[in-house]
Amino acid sequence: VMREEKVFYVSDLDGTLLNSGQALSAFTVNAINSLVGQGMLFSYATARSYCTAGKITQGISPQIPVIIYNGAFVLKNGTQEKILSHYFEPKDVQRIWRLLQDHHIDPIVYAHIDGIEKFSYCKDRTTAGRDAFLESRRGDIRENPVEEKELCRGEVFYFTCIDTEEKLKPVYHLCKKDFPCVYQRDIYSGAQWLEILPRQATKAGAVVELKKLLGCDKVVSFGDGKNDISMFDVSDECYAVENADPELKRRATAVIESNDNDGVARWLLEHWQK
C-alpha cells in the first residue's frame, strides 16, 4: 500500500499570515485551527522572537516546533525547548562589532546572558530608527541598556541594525559573504534594516531540519519578503502573497491572495487534503 505523502506547511508571519494590522484575522485563526485539528502539519518561520511571535499568534497553536529569529532557533511551541540553536562564534561577534563601529552603526545585540534572552544596546547613543524600534518594545523584559563595553556579552545570536541606507548598505555587502543577512525595509515603519545572523542560521536550514525531524516528504511554504527567498529555495511548492516583494513573486510556484485577504488560510482550506 502506498503511504500517504507527508507534507509540512510553513508560513512567514509579518506580511504573510498576519494582516497589515500585525494581527491574525478570525478567519485565519479558525481555518488553521480546524485544519491542524484534522492533522495538518503547520508551523511558522519568522524573524520575530518567540516573545513577540507568541503574543501575536495566540489564537493558533502549532502542534509542531516553530522557527524564530529567521532560523537561528527552532523551538517546541509552548515549552520553548530549543530543538536547534545557532550562535555566533566569539571571534565572529568581535569581527562584526568592529565592522559596525568602523561604520558608526549602533546595533541591537540579541544574546542569551546567563541563559536569559536579552537585547542589548548602548544606552548613551541615539538614532531615530533604533529608538523608534525600542519605543515599540517598551516594557519588554528582554530590554537591556548597557555601556558600550558590555554590548556583546553572553551567547550572541543576532544583530539588528536600523539606520540609513547609505550607512547600512556597505556593511551589508561586507557581511553577506560570510553571514546570512537580511537587508530590507521594515514593512510597518519603512525604516531600513540590516540583520546579521550566525553562519548556519537561515529559514531554509531550519525548514530542512524540521522536515527531517517530522519525517515529511514535502515542504509547502508561504511568504512575502526577501528573507523568505532561502525558504522558497528548499520548498517543493512555494506561494507568495499578492502583497509580496516582486523578487519573491518571481520565484513562487504561484501568487495567492494578499495577507489582508487571508491568502494563506484560503489556499490551505482549498488545497489541504487529509
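Residues numbered from 1 in each chain as written. Predicted model: local features only at pLDDT ≥ 70, side-chain atom pairs only at ≥ 80, totals over all residues. Heavy atoms only, no water.

Quick look at the overall build of the chain now. Broken down by element type, the chain carries ten helices and 14 strands. Computed over its C-alpha atoms, the radius of gyration of the chain comes to 19 Å, within 12% of the 19 Å expected for a compact globule of 274 residues. Once the C-alpha set of the chain is aligned to its principal axes, its extents read approximately 60 × 35 × 35 Å. Each of the 274 residues in the chain was classed as buried or not, and the buried ones make up 53%. The contacts of the chain with a sequence gap of at least 6 include a subset with a gap of at least 24, amounting to 59%. (Helix = DSSP H or I, 4+ residues; strand = E, 2+ residues; numbered from the N terminus. Rg over C-alpha atoms; globule rule 2.2 N^0.38 Å. Buried < 20%, exposed > 50% of the residue type's maximum accessible area, 1.4 Å probe, protein only. Contact = heavy atoms within 4.5 Å.)

As a further point, take the nonpolar core. In this structure, Tyr9, Phe42, Phe222 and Leu268 are the most contacted members of the largest nonpolar core, which totals 52 residues. Beyond its immediate sequence surroundings of up to four residues, Phe222 is in contact with Tyr9, Val10, Ser11, Asp12, Thr16, Met231, Phe232, Tyr239, Ile256, Val264, Trp267 and Leu268. Core analysis: the second largest hydrophobic core is formed by 26 residues, Ile96, Phe159, Leu168 and Cys181 among them. (Core = buried A, V, L, I, M, F, W, Y, C linked by side-chain atoms within 4.5 Å.)

Moving on, we come to the pairing of strand E5 (residues 82-85). Direction of pairing for strand E4 (residues 73-75) relative to E5: antiparallel, over a ladder of three bridges. Across the sheet, the residue bridging to Phe73 is Ser85, located in E5. (Pairing = 2+ DSSP bridges.)

Here the focus is the sheet that holds E4. Across the sheet, three strands lie side by side as E3-E4-E5; this open sheet has antiparallel pairing. Whereas interior strands pair on both sides, the edge strands pair on one side only; in this sheet they are strand E3 (66-68) and E5. Pairwise comparison of adjacent strand axes, ignoring direction, gives a mean angle of 20° for this sheet. (Axes fitted to C-alpha atoms, helices over the stretch in contact; angles between N-to-C directions.)

Under the criterion given, the structure shown has 24 salt bridges. Notably, a salt bridge pairs Arg130 with Asp131, separated by 3.4 Å at the nearest N-O pair. A relative accessible area of 26% places Asp131 in the partly exposed class. Here the salt bridges do not stand alone but share partners, grouping Asp12, Lys203 and Asp228 into one network. (Salt bridge = Lys/Arg side-chain N within 4 Å of Asp/Glu carboxyl O.)

If you check which residues of helix H5 (residues 128-136) are buried, you get Arg130, Phe133 and Leu134. The buried side chains of H5 occupy one side of the element, clustering within an arc of 100° when seen end-on. (Arc of directions from axis to C-beta.)

In this section: the packing of aromatic side chains. Tallied over the entire structure, the rule returns 19 aromatic pairs. Aromatic side chains Tyr69 and Phe73 sit 6.2 Å apart centroid to centroid with 70° between the ring planes, which places their arrangement in the edge-to-face category. A single burial state applies to Tyr69 and to Phe73, both of which are buried. By the ring-pair criterion, three or more aromatic residues cluster together here, those being Tyr69, Phe73, Tyr87, Tyr110, Phe119, Phe133, Phe157, Tyr158 and Trp193. Geometry around Phe27 places Arg266 over its ring, the cationic atom sitting 4.4 Å from the centre. (Phe/Tyr/Trp six-rings, centres within 6.5 Å; stacked < 30°, edge-to-face > 60°. Lys NZ or Arg CZ within 6 Å of the ring centre and 35° of its normal.)

One non-glycine residue, Gln22, adopts positive backbone phi at about 60°. Mapped onto the secondary structure, Gln22 falls in the loop between helix H1 (13-17) and helix H2 (26-37). Overall, the relative accessible area of 32% leaves Gln22 in the partly exposed class. The phi torsion at Gln80 lies on the positive side, around 65°, for a residue other than glycine.

Our next topic: the state of the cysteines. A full pass over the atoms with the stated rule returns zero disulfides. With no disulfide partner, Cys238 has as its closest neighbouring cysteine sulfur the one in Cys216, 17 Å distant. Take Cys238: its relative accessible area is 5%, and that puts it in the buried class. (Disulfide = S-S within 2.5 Å.)

What follows concerns the sheet that holds strand E2 (residues 41-44). With parallel pairing, five strands are arranged side by side in an open sheet as E2-E1-E12-E13-E14. Of all strands in the sheet, those with a lone pairing partner are E2 and strand E14 (254-256), marking the two edges. Going across the sheet, the axis of each strand differs from the next one's by a mean of 25°, ignoring polarity. Of the strand pairs in this sheet, strand E13 (residues 237-241) and E14 are connected by three bridges, and their pairing is parallel. Its bridge partner lying in E14, Ala240 is registered against Val255. Against the sheet, helix H10 (residues 263-271) engages strand E1 (7-11), E2, strand E12 (218-223), E13 and E14, with an angle of about 150° to E12.

On to the packing of H2 against H10, then. The geometry of H2 relative to H10 is characterised by a closest axis approach of 9 Å and an angle of 35° between their N-to-C directions. Of the two elements, H2 crosses H10, and the hand of that crossing is left-handed. Along the contact surface, H2 presents Phe27, Thr28, Ala31, Ile32 and Leu35, while H10 presents Ala265, Arg266, Leu268 and Leu269. Partitioned by chemical class, the residues of the contact of H2 with H10 number seven nonpolar, one polar and one charged. (Left-handed = near helix turned anticlockwise from the far one by under 90°. Nonpolar A, V, L, I, M, F, W, Y, C, P; charged D, E, K, R; others polar.)

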